[in-house]
Amino acid sequence: MAKIFEQTKDKKQSPQIQFLIEQYRGLIKETKAKGIQIIFVNSTPNIYTTKRRKIIFDNLPTDSKINMEDPYNLPEFYQYQYFYDTHHLNSKGAELYSQKLTQLFTKLHIHK
């Protein structure tokens, strides 16, 4: 976890990112101990928070996340016809999103 902080304008590392990662990891551990599996979903692109969310998301366990923001695996979510505006899906996009999310959920090995 050498450099998992997003830098501030004055090049200082932001401790909020580390705090959030620790909180999410703690929540995952706590819920797994109770037989509950939390799945975090990194959603469609948002230019305002992408970098911060990616840093946090990359530091979560693989079996606790679904990445819906990857342009290489999900190029359809980067096509203009599926968006209402710059970061909200329209009805066709929402339908496609729901179908793809369902497929990815079924691929996960949910612990019982």
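Conventions used here
Residues numbered from 1 in each chain as written. Predicted model: local features only at pLDDT ≥ 70, side-chain atom pairs only at ≥ 80, totals over all residues. Heavy atoms only, no water. Helix = DSSP H or I, 4+ residues; strand = E, 2+ residues; numbered from the N terminus. Expected span 1.5 Å × (residues − 1). Buried < 20%, exposed > 50% of the residue type's maximum accessible area, 1.4 Å probe, protein only. Contact = heavy atoms within 4.5 Å. Lys, Arg positive; Asp, Glu negative; His and termini not counted. Salt bridge = Lys/Arg side-chain N within 4 Å of Asp/Glu carboxyl O. Polar contact = N/O pair within 3.5 Å; in protein donor to acceptor, adjacent residues only side chain to side chain. Axes fitted to C-alpha atoms, helices over the stretch in contact; angles between N-to-C directions. Parallel < 35°, antiparallel > 145°, perpendicular 65-115°, else oblique. Left-handed = near helix turned anticlockwise from the far one by under 90°. Nonpolar A, V, L, I, M, F, W, Y, C, P; charged D, E, K, R; others polar.

### Remarks on helix α1 (residues 15-33)
Piece 1. In this model, α1 (19 residues) spans 27 Å end to end at C-alpha, consistent with the 27 Å of a helix rising 1.5 Å per residue.
Piece 2. Among all positions in α1, only I17, Q18, I21, I28 and T31 are buried.
Piece 3. Of the surrounding elements, those touching the buried residues of α1 are β1 (40-42) and α2 (50-58).
Piece 4. Looking one or two residues past α1, G35 carries a phi angle of roughly 80 degrees, positive in sign.

### So, the side chain of K65
Piece 1. With respect to the helices and strands, the residue K65 is situated in strand β2 (residues 65-67).
Piece 2. The charged side chain of K65 is buried without a salt bridge, its nearest counter-charge being D58 at 4.9 Å.
Piece 3. Here the side chain of K65 touches F57 through a polar contact of 2.9 Å, landing on its backbone oxygen.
Piece 4. Apart from residues no more than four positions distant in its own chain, K65 is found in contact with I39, F40, F57, D58, L60 and L108.

### What to know about the packing of α1 against α2
Piece 1. Two elements in contact, α1 and α2, have axes whose closest approach is 9 Å; the angle formed by their N-to-C orientations is 40 degrees. Between α1 and α2, the crossing angle belongs to the class labelled oblique. Where α1 crosses over α2, the handedness of that crossing is right-handed. Contact with α1, carried on its side by I17, L20, I21 and Y24, involves R52, I55 and I56 of α2 and no other residues of that element.
Piece 2. Its residues placed into classes, the contact of α1 with α2 shows 6 nonpolar, no polar and 1 charged.

Remember that the coordinates give geometry; whether it matters functionally is a separate question.
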